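# Remarks on the overall topology
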2 protein chains.
Amino acid sequence: MGYMGERTEEKVARKLAKKQKLVNVAAKRMKADLVLKNATYLNVFSSEFCVGDIAVSDGLIAGVGEYEGVREVDVSGKFVCPGLIDAHIHLESSMVSPAEFARAVVRHGTTTVICDPHEIANVMGVDGIRYMMEATEGLPLDVHFMLPSCVPATDMDESGAKLDFRAIDEWYAHPRVLGLAEMMNYVGVTRADPFAISQILASQAHHKKIDGHAPGLSGAELNAYIAAGVYSDHECYTFENALEKLRLGQFIMIREGTAAKNLKALAPILTQARESRCMFATDDKHPIDLLTGGHIDYIIKEAIARGVDPVIAIKVASHNAARYFLLNNKGAIAPGYLADMVVFDDFRSFNVLQVFKRGREVFDGENVIMEQPKVEEGLSARAHDTFRAPFVTEERLAAGTLPMMGVKAHELITPNLGTADGYDAPRDVAKMALVERHHNTGHVGLGYVQGFGLKSGALASSISHDSHNVIAIGTCDRDLALAVNRILEMKGGVCVVDGGKVVAELSLPVAGIMSDEPLETVNEKLERAKAVAYALGAQRGIDPFMTLSFMALPVIPHLKLTTHGMFDVDRWALA
Amino acid sequence: MGYMGERTEEKVARKLAKKQKLVNVAAKRMKADLVLKNATYLNVFSSEFCVGDIAVSDGLIAGVGEYEGVREVDVSGKFVCPGLIDAHIHLESSMVSPAEFARAVVRHGTTTVICDPHEIANVMGVDGIRYMMEATEGLPLDVHFMLPSCVPATDMDESGAKLDFRAIDEWYAHPRVLGLAEMMNYVGVTRADPFAISQILASQAHHKKIDGHAPGLSGAELNAYIAAGVYSDHECYTFENALEKLRLGQFIMIREGTAAKNLKALAPILTQARESRCMFATDDKHPIDLLTGGHIDYIIKEAIARGVDPVIAIKVASHNAARYFLLNNKGAIAPGYLADMVVFDDFRSFNVLQVFKRGREVFDGENVIMEQPKVEEGLSARAHDTFRAPFVTEERLAAGTLPMMGVKAHELITPNLGTADGYDAPRDVAKMALVERHHNTGHVGLGYVQGFGLKSGALASSISHDSHNVIAIGTCDRDLALAVNRILEMKGGVCVVDGGKVVAELSLPVAGIMSDEPLETVNEKLERAKAVAYALGAQRGIDPFMTLSFMALPVIPHLKLTTHGMFDVDRWALA
C-alpha cells in the first residue's frame, strides 16, 4: 500500500497545475483557451437543448454559461453536441489504415470508436492488437479496444493465431482497452463451457465490459448468456428480440453498417423510458459507404427521419456509449468533460460544420487536420509479411465430385445443394478454393457453388472471415489458380482474373486485409474490381467480394468452405 | 504483467464453478436455490412493471421468466423491486451501532447504504474508518464508504485527527470504498486551493467518485466546483438550484432525513427526462425517526404522494445510486445482479413484506435475521476510550463579559447578539462551554447564548459537530460543570443536570457518539433527556440536543463556539 500511496502522490503532483487552471478558468479568474459563444447545445442530463458559452481549458470543458476566451468562435444559430461514438466496429472492414478511417469519419462528427481488432488478430494474434494500438495513437479520433474473444471463430478454422484468455490478459491493463469483444461463441457461453466462461471471468476480474453477439437468442438461453456476464448485444434484428434483451439488462447497440442494417426494425425502442440502455454502432463500414454515406451522423439522421426524438437520437449517439463503457469524461457538454464537440446546422439535416477533439479544431468544414501515427518498423514489417503459402498449381485444384453450396441474393446463408461433378456453366456451377496461408500447411479446401453468376474468369480475396485465408471462385482451374497466386504474390488483396490475365486488383498488404493507400484510391480500385466481376456475370443481388468473404465462415448455415473441404454447419462435420 | 496474469488465472479458477452453476440454473439445467414465483417486478431498464419468476443461484439472480427452485416463494399479487439504496448517510447520527442501524432499516427494504464515517473520523482518525469497516462486516446491509474529506471541518477546530489525502490514500484500495465524501470545503475547491484540489485528484487517481456539499452554489463558482471533479450534490434546497446542478452534470441526491428535508422542493425534478441523474439520501437519521418513520421507503411513499411516477420513484431509490457509484451488480432484477430484493404490497402504501439480501431472506415480515459483526478487541477498546480531558471546576467556567449568540427556532444559524456580562435568567441568557477532549489541551471555550429557553440546570453532550468536543449549556456554573464532568465520566453521551444532580442521561461510549445498547433503549433514554430538557424550559422550537450539537460548527453563520472562545464566522476571527 506504500507503493500505491507514492503513485497517488506523484499523480496528484503531476495534475495539480492543470486542474487549478481548469478551476480558475471556470471561476472566470483566467481566460479560457477557447470559447464557443452562444451555443445551442444538447444537455444530455436534462434531455433538452440549452444555450450558453462553452469554455475550454487544456482540452477540457471548464464551464458553461458566460465566458471569454483567447479564441472565441461564434456559433450563434448553430447546434453543438458531444462528439459521436461508434460503440462497436471492426476498423479492418474499411480496408484502409485507421488513419484513413479517422480522416473519413471525423468530418462526420465521430470522435470516439470502440473497435474489436478481431480480423487482424485472426491473422497476427496479439501482434495484430499491438499493430492497431500503434496505428491509432494520436489520431483526432479516440480508438478504444475490446479484446477479441473468438480467435479462431471455430475449431474448424485454420487461423493465424489462437487466443485464450491468458493470451490477451496483459492487454486489459492498457488504458484504451475496455473489455472483451463480442462473445460470438454464445453456444459455448450458454452451455457453461469452461473456455468461454473463463474468458468472461477474466474480463470481469479486470472490472471490464463484455460485449455480446447473439442473433435471435431468447428465453432461458438468453438468461444464461446474460447471467454469464454479457452486458450488451448488437445482433438484434427484431424489435421484440431487442426489447427482450433490454428488459433482461443488456445494453442494445443498434447497428446500422454496410452489411447489416437494423435501425428500421429497432427505432421504436428509442423511447424516453428506454433510450438510456441503447447506443449506435456500425460493426462494418466499407470504403464506398465511408465516402458517400456518413457514419454515426447518418444513423442520427435516419433515426430522426423515423420519428425518434432528436434529443434522444443524439444522446444515444454520444452520451450513452460513454456511460456503458465507463468513459467517465466523455459524452457531455459540461464542466470536467473532454472538449469533444460537434457543431452542426440543425437536427434534421445534421450537417457537421466543425469538430473539436479535446478542444482542438480537427475538422474546419473542409479538411480534417491530423498527423499520421507511426507504427514501429519491425511491427510494420511483420504486418506486411503474413503470407506463408506456396503457389497453387492447376493440378492441386483439380477435383471430381464435391459438395456444392448455393448463393442467395442479399443473404449470407448458403444452402446445401448436395454435390456437383465439375464446372457446369449452363447450371451456373463454379468451383471454390480456400487456401490456407498462415502456416504453410498446404491445405486447400475445394467445393462447388451454384448461383454466384460468374460466367468467365475467377475472383480471389484474402479477406475471408474470420481466418482470412485466400478464398477464390472461378470458372476454370487456370484462372482460379492464377487468382489465388496473384493474392499470394501481392501478400494480400482482392483480384479479378479472366482469360489467364489479372484484369482488376486491389492490394491489401497489411495483414492481407488493409491497404496503405488513401481511402479514395482503395475505393476506386475496389469498385473497379466489383464492376469487372459484375461484367463477368456475378449476379447483381450480391456484393461479389463481400459474399466471397463470408463463404468460409462456418458459424453461418448451412454449407461453408474450410481449408479441409466443404463443411456442413448444421451437422458440424465435413460434408 | 506476469503477476497480473497469475492473479487473473487464480480468480478465474476460483469463480468458474459458481458461474457455471449460475449459467446452468439460468438455462434450466439445474434447479434454482430460490424462486420468487409470479412476481410483478420493477424493470428498471424498460421503466415498467413486468411479470415473471425470479430465479436465484448462490445469491445472484440467474434468470427471469419461468423457473423452478428448491425453495419457491409465491409472490402473486405482490410487487418486487431491487433493494433500496441510501446514497449518503452518516451512520453515527443514529447514535446506535451499525448493526442496530441495519436492524432498523433492513425491515424497510434498504439493502445498501453509502456512508461517510466523518463523525467518528473526527474523533479517531483512520481508526474511526477502520472501526466502522469492522462494525459493518457481514451485516444484511451492504455498507459502502466514502472517505471523509473534511477532518477537521476548519482550521479553527480542535478535532481528534487531521486527515489529508495521504492519510486516507490506502483506503481507496478497500473493495467497499467508493470515493471521497462530501467536499464541504467548496470554498477551497472553487478557489483552486491545493489542499482541496489534491484531495479530489487523489480520489480520481483511484478512479473513484467525489461527492459534493455546496448549498446554494451557482453560476461560475458552481462551474468551478464541478470542473474540479465533484460529481454529486445533496445540498439542494430549491428546485432551481437542483436543476442548475443537474444541467451542469452533477448527480442530485434528494435528501430527506431527520434534520434536513428537501423532497418537497425537489420532487418536481423527477421527470422521465431527468430521473436517471437523481437518487435518494437521508444524510442523518435520528433514533426516533428510525423507529417511527421509515427510511428510503418513506421517501418513495412521499415522492409518489407528491405526484412522482412510482416507476421513477422506486428506480431513483434503487437503480440510480448503483449506477452513480458503479455498483455494477446492484439495482436491478435481472440475470447476473445480486439478489437484493424487496417484496412490497403496492406502490402507494409501499409496505415492505419481505426482504432478500444476496438471495437470503433477511426480513420475513416480523424480524430481521442477522448476526452481530465482531470488532477486533484492541480497536473496540480504542473506540471506547477517546476522552483525554480533566474534569472542569466551577472556577474554570467563571467568566465576565463574553460574546453572545442567539438561538432561532427551526434553524442552525445563530445570530451574533453582541456580548453579555453573566447569567441573566429574565433575559434568557445562559452560559455555554466547549471543552476540548481529544488531546488534553485544557482548552475551554466560553460564551453566552440567548433564546435557548433553559430556566434551570444544564445540558451537555459529546455529540458536537464536527469535532465532538464536550459542549454544554447551563444556568449556573455548578450545574454546567457537573454536566460536562458527567459526560467525561461516561466517556461520552448526553445528560441533563439540575440542582446539582444528574436527572437524565444517555451513555454514548463508542467514540463519544454512539451507544452499545439497542435502538429502542437509546431512543427511550434520549427522548427522556429531551423531555426533561423541555421541562427545564428549553424552547419547543428546537430539538435541544441537536441544536446544541451544531453550536460549535464554525461553517454555519454567524457566531459559533470554539475551544478558543466565541468565533465570528462572518469575519473568520475570534469574536
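One structure accompanies this document, and this report is about it.

Cut-offs and rules
Residues numbered from 1 in each chain as written. Chains lettered and ligands numbered in written order. Predicted model: local features only at pLDDT ≥ 70, side-chain atom pairs only at ≥ 80, totals over all residues. Heavy atoms only, no water. Phe/Tyr/Trp six-rings, centres within 6.5 Å; stacked < 30°, edge-to-face > 60°. Helix = DSSP H or I, 4+ residues; strand = E, 2+ residues; numbered from the N terminus. Lys NZ or Arg CZ within 6 Å of the ring centre and 35° of its normal. Contact = heavy atoms within 4.5 Å. Buried area = accessible area lost by both parts, 1.4 Å probe. Salt bridge = Lys/Arg side-chain N within 4 Å of Asp/Glu carboxyl O. Polar contact = N/O pair within 3.5 Å; in protein donor to acceptor, adjacent residues only side chain to side chain. Least-squares fit on C-alpha atoms with pLDDT ≥ 70 in both. Expected span 1.5 Å × (residues − 1). Buried < 20%, exposed > 50% of the residue type's maximum accessible area, 1.4 Å probe, protein only. Pairing = 2+ DSSP bridges.

### Looking at the packing of aromatic side chains
One pair of aromatic rings is described through two measures. These are the centre distance and the angle between the planes. In the structure shown here, the tally under the stated rule is 20 aromatic pairs over all chains. Here Tyr186 of chain A and Tyr225 of chain A contribute two aromatic rings whose centre-to-centre distance is 6.5 Å and whose plane-to-plane angle is 80 degrees, an arrangement assigned as edge-to-face. Within this pair, whereas Tyr186 of chain A is found in helix 6 (residues 186-190), its partner Tyr225 of chain A is found in helix 8 (residues 219-227), the two being separated by 39 residues in sequence. Chaining the aromatic ring pairs together yields one cluster made of Phe49, Phe79, Phe344, Phe347 and Phe350 of chain A. If you follow Arg437 of chain A out to its NZ or CZ, it ends over the ring of Phe387 of chain A, 3.9 Å from the centre. Over the ring of Phe251 of chain B we find Arg277 of chain B, and its NZ or CZ is 3.8 Å from the ring centre.

### Description of the interface of chain A and chain B
Counting residues at the interface gives 71 residues for chain A and 71 residues for chain B. Considering only the surface of chain A that becomes buried against chain B, Lys19, Phe45 and Arg247 of chain A emerge as the three largest contributors, covering 11% of it. Taken together, the links from chain A to chain B amount to four salt bridges. A salt bridge links Arg166 of chain A to Glu9 of chain B, with the nearest nitrogen and oxygen atoms 2.6 Å apart. Here chain A is connected to chain B by 26 residue pairs in polar contact (both at pLDDT 80 or more). Looking at the side of chain A that touches chain B, the elements with two or more residues in it are helix 1 (2-26), strand 2 (48-57), strand 3 (60-65), helix 5 (165-168), helix 6, helix 7 (194-205), helix 8 and helix 9 (239-247) of chain A. At 14 residues, the largest contribution of residues to the side of chain A that touches chain B is made by helix 1 of chain A.

### Section: the relation of the copies chain A and chain B
Overlaying chain A with chain B gives an RMSD of 0.1 Å, the required rotation being 180 degrees about an axis along which the chain moves by 0.0 Å. Such a combination of rotation and displacement between the chain copies is what one expects of a two-fold axis. Nearest to the rotation axis, the C-alpha of Gln272 of chain A is located 3.5 Å from it, this being the minimum over chain A. Both copies present the same face, since 100% of the interface residues in chain A are matched by interface residues at the equivalent positions in chain B.

### What to know about helix 7 of chain A
Residue and element names in this part refer to chain A. Taking 1.5 Å per residue as the helical rise, helix 7 with its 12 residues ought to reach 16 Å, and the 16 Å between its terminal C-alpha atoms agrees with that figure. Of all the 12 residues making up helix 7, nine are buried; the element is thus mostly covered by neighbouring parts of the structure. Buried residues of helix 7: Ala196, Ile197, Ser198, Gln199, Ile200, Leu201, Ala202, Ser203 and Ala205, and no others. His207 occupies a position one or two residues after helix 7 and carries a positive phi of about 60 degrees.

### Some remarks on the sheet that holds strand 12 (residues 251-255) of chain A
Residue and element names in this part refer to chain A. Strand order in the open sheet formed by eight strands is 6-7-8-9-10-11-12-13, and the pairing between neighbours is parallel. The outermost strands of the open sheet, each flanked by one partner alone, are strand 6 (84-89) and strand 13 (278-281). The pairing of strand 12 with strand 13 spans four bridges and is classified as parallel. Each bridged residue has a counterpart across the sheet, and for Ile252 the counterpart in strand 13 is Cys278.

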